[in-house]
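# Structural features, examined
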Amino acid sequence: MSSEGKTWVRMVTAQTPTNIAVIKYWGKRDETLILPINDSISVTLDPNHLCTTTTVAVSPSFDSDRMWLNGKEISLSGGRFQSCLREIRSRACDFEDKEKGIKITKKDWEKLHLHIASFNNFPTAAGLASSAAGLACLVFSLAKLMNVKEDESQLSAIARQGSGSACRSLFGGFVKWIMGKDKDGSDSLAVQLADEKHWDDLVIIIAVVSSRQKETSSTSGMRESVETSLLLKYRAEEVVPKRIVKMEEAIKNRDFASFAQLTCADSNQFHATCLDTSPPIFYMNDTSHRIISLVEKWNRSEGTPQVAYTFDAGPNAVLIARDRKTATQLLQRLLFFFPPNSDTDLNSYVIGDKSILKDAGIESIKDMESLPPPLEMKDANKFSGGDVNYFICTKPGKGPVLLADQTQALLKLLIVTYILHKKFSFEMLTILFAQNLFFNLKQVVVYGKAQISCREITTSLV
Ligand code: DP6
């Protein structure tokens, strides 16, 4: 390990999307290696609206591995983190940056410590697969930092050991996690079925549903289902293999009717499997059921599916509309039946791609209140405000990317830390000092959107 003085810091920042399964992974055949009992297929969501950004840094001045999530330090001692770190370190290669006087050999990586700062651009506790994006981003950014030569599929087999669904976030578009057969899990990895441009008509609206009860985690829920549900056994052995073939075909042919039918049926069967678990697990709530019924009635009245729904281990609905026109009609229906609380403004009730709101002709709460009931449900009543926390309008998106401009990436991290805790993380400041990355006023103005005034930032720093 060479350097002039031991003050260098090497850093990499990456951004990784989250994903939603349309054929679900539920059940492991190996708990440590995280090997599933069936293949699964997902759609990657646009990272502009849902993603994790992670900066990984290595320096001889760091004396332990440490990690901050959304500005708060978290422990890296868990088995899953340790598996990912071990697997990546074992594949690390020599690295040299002559300009900065950094030379790291393969052996050095075993001794060098890491600092990792990660943040989500969406609420971490909202049940929106933050662990999938987070673990995928950790593995992807570490691989780039350590000059790992493996491709995305091989990296997915490492991300899988952090959280099963994370392996599918290594690609954009439509992704299949092949369950594999090998005992060591080497053939249990993700492959891209089609990129995000292949079917770019699709629009996704997520209803983040208010939930009072604490949910059973996916990890323990699926363990209980494997132990007690006969339906899960039948699903994994008989149903999913056939569905996977049909889903691949539907994606290839952009056949929305088949895609929607398979997506809804698989979500419903996954939740039926949860009910078949002993004790039963309830992830959906009344609001989720109402959303299903609204979509089913509309699809039936049109004679062909307009929208597909799918629910993970929680009450949030992920609704996939066949095209933009359908998405505007869907948003009108959703806002008619699920108005916000009286103290919520429209701007924070519909987030993400707000242009869909504009297309739907809704620019104010007043416009929303005057929405007519949909024809197929003209006698149905609106529900009281507050059943849905907010809606996110998004679309299928791209896979992980390296952020080339480190200054910008770190500035973002710093600002998020500041927003969340009203103070700067000491570690982030240390890294910035070490890299001479103190921002200039112009950059602060660029990030003025983050609602931090130049004065607040500069006075906090001095
Ligand atoms: C319902 O990947 O969170 O979202 O592998 O134990 O970390 P672990 O579970 P996780 O499970 C996701 C389950 C699901 C379906 C899916 O994403 O395929």
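These numbers come from a predicted model, not from an experiment.

So, about the site of the ligand. What surrounds the ligand is a group of 17 residues, the closest being Tyr 25, Lys 28, Arg 80, Ser 165 and Arg 168. Arg 80 is positioned with one of its side-chain polar atoms (N or O) 2.7 Å from an oxygen atom of the ligand. The contact in question runs from an oxygen atom of the ligand to an N or O atom on the side chain of Asp 312, over 3.2 Å. Burial of the ligand by the protein amounts to 94% of the accessible area it has alone, namely 460 Å². It is helix α5 (residues 218-228) that contributes the most residues to the shell around the ligand, 3 residues altogether. When its residues are assigned to classes, the shell around the ligand shows 7 nonpolar, 5 polar and 5 charged.

Here the structure, examined in full by the defined rule, presents 19 salt bridges. We note a salt bridge from Asp 65 to Arg 89, for which the minimum N-O separation is 3.1 Å. Linking Asp 65 in the loop between β6 (51-59) and β7 (66-69) with Arg 89 in helix α1 (residues 79-90), this pair joins segments that are 24 residues apart in sequence. A salt bridge links Asp 353 to Arg 324, with the nearest nitrogen and oxygen atoms 3.6 Å apart. Placement of Asp 353 in the loop between β17 (350-352) and α11 (355-359) and of Arg 324 in helix α9 (residues 324-337) is noted, with a sequence separation of 29 residues between them.

For the rest of this paragraph, the subject is the pairing of strand β11 (residues 113-120). Counting buried positions along β11 yields 7 of 8 residues, so the element is predominantly enclosed. The pairing of β6 with β11 spans 8 bridges and is classified as antiparallel. Bridging across to β11, Val 56 finds its partner in Ile 116. Bridge count between β7 and β11: 4 bridges; the pairing is parallel. Within β11, the residue paired with Arg 66 across the bridge is His 115.

With that settled, consider the environment of Cys 51. Take Cys 51: it is sitting in strand β6. What makes Cys 51 buried here is its relative accessible area of 2%. Measuring from C-alpha to C-alpha, the distance between Cys 51 and Cys 137 comes to 9.0 Å, with 86 residues separating the pair along the chain. Excluding residues that lie within four positions of it along the chain, Cys 51 makes contacts with Gln 15, Thr 16, Pro 17, Phe 119, Asn 120, Asn 121 and Phe 122.

For the rest of this paragraph, the subject is the packing of aromatic side chains. According to the stated counting rule, one finds 11 aromatic pairs in the structure shown. Aromatic side chains Phe 336 and Phe 337 sit 4.9 Å apart centroid to centroid with 85 degrees between the ring planes, which places their arrangement in the edge-to-face category. Of the two residues, Phe 336 and Phe 337, both sit in the buried class. Members of the aromatic cluster, connected to one another through ring pairs, are Phe 174, Trp 199, Phe 256 and Phe 259. The lysine or arginine in question, Arg 333, covers the ring of Trp 298, its NZ or CZ lying 3.9 Å from the ring centre.

Further remarks concern the sheet that holds β7. In spatial order, the strands read β8-β7-β11-β6-β1-β19; together these 6 strands make up an open sheet with mixed pairing. Among the strands making up the open sheet, the edge pair consists of β8 (72-74) and β19 (401-402). Of the strands in this sheet, β1 (10-17), β6, β11 and β19 touch helix α3 (residues 130-145), which is tilted by about 145 degrees from β1.

Burial runs high along strand β5 (residues 40-44): 5 of the 5 residues are buried. By the bridge criterion, 4 bridges tie strand β2 (residues 19-23) to β5 in an arrangement that is antiparallel. Each residue of the ladder has a partner; that of Asn 19, found in β5, is Thr 44. As paired strands, β5 and strand β12 (residues 174-178) are joined by 4 bridges and run antiparallel to one another. Note that in β12 the partner of Ser 42 across the bridge is Val 175.

Attention shifts here to the side chain of Ser 267. For Ser 267, the position within the fold is in helix α7 (residues 256-275). On the basis of relative accessible area, Ser 267 is assigned to the buried category, the value being 0%. Only 3.1 Å separates the side chain of Ser 267 from the backbone nitrogen of Phe 311, close enough to count as a polar contact. Among all residues touching Ser 267, those that are not within four sequence positions of it are Lys 24, Tyr 309, Thr 310 and Phe 311.

Low-pLDDT portions of the prediction should not be read for the details of their coordinates. For the protein, the mean per-residue pLDDT works out to 87, and 85% of the residues sit at or above 70. Under a pLDDT of 50 for its full length, residues 433-462 has, in the predicted model, 43 contacts with residues more than four places off or in other chains.

If you look at the biggest cluster of nonpolar residues, it comprises 68 residues, and the most contacted ones within it are Ile 206, Phe 259, Leu 319, Leu 335, Phe 338 and Phe 391. Dropping the residues within four chain positions of it, Phe 259 is found in contact with Val 22, Val 43, Phe 174, Trp 199, Met 247, Ala 250, Ile 251 and Ile 320. Listed in part, the 52 residues of the second largest apolar core include Val 12, Trp 109, Leu 155 and Cys 274.

Once that is clear, we can look at the side chain of Asp 266. Among the secondary structure elements, Asp 266 is positioned in helix α7. Reaching out from Asp 266, the side chain makes a polar contact with the side chain of Arg 235 at a distance of 2.8 Å. Excluding anything up to four places from it in sequence, Asp 266 contacts Val 22, Ile 23, Lys 24, Arg 235, Val 240 and Arg 243.

Reading the values: the criteria
Residues numbered from 1 in each chain as written. Predicted model: local features only at pLDDT ≥ 70, side-chain atom pairs only at ≥ 80, totals over all residues. Heavy atoms only, no water. Near = heavy atom within 4 Å. Polar contact = N/O pair within 3.5 Å; in protein donor to acceptor, adjacent residues only side chain to side chain. Areas by Shrake-Rupley, 256 points an atom, 1.4 Å probe, with all protein chains shown as cover. Helix = DSSP H or I, 4+ residues; strand = E, 2+ residues; numbered from the N terminus. Nonpolar A, V, L, I, M, F, W, Y, C, P; charged D, E, K, R; others polar. Salt bridge = Lys/Arg side-chain N within 4 Å of Asp/Glu carboxyl O. Buried < 20%, exposed > 50% of the residue type's maximum accessible area, 1.4 Å probe, protein only. Pairing = 2+ DSSP bridges. Contact = heavy atoms within 4.5 Å. Phe/Tyr/Trp six-rings, centres within 6.5 Å; stacked < 30°, edge-to-face > 60°. Lys NZ or Arg CZ within 6 Å of the ring centre and 35° of its normal. Axes fitted to C-alpha atoms, helices over the stretch in contact; angles between N-to-C directions. pLDDT = per-residue confidence, 0-100. Core = buried A, V, L, I, M, F, W, Y, C linked by side-chain atoms within 4.5 Å.

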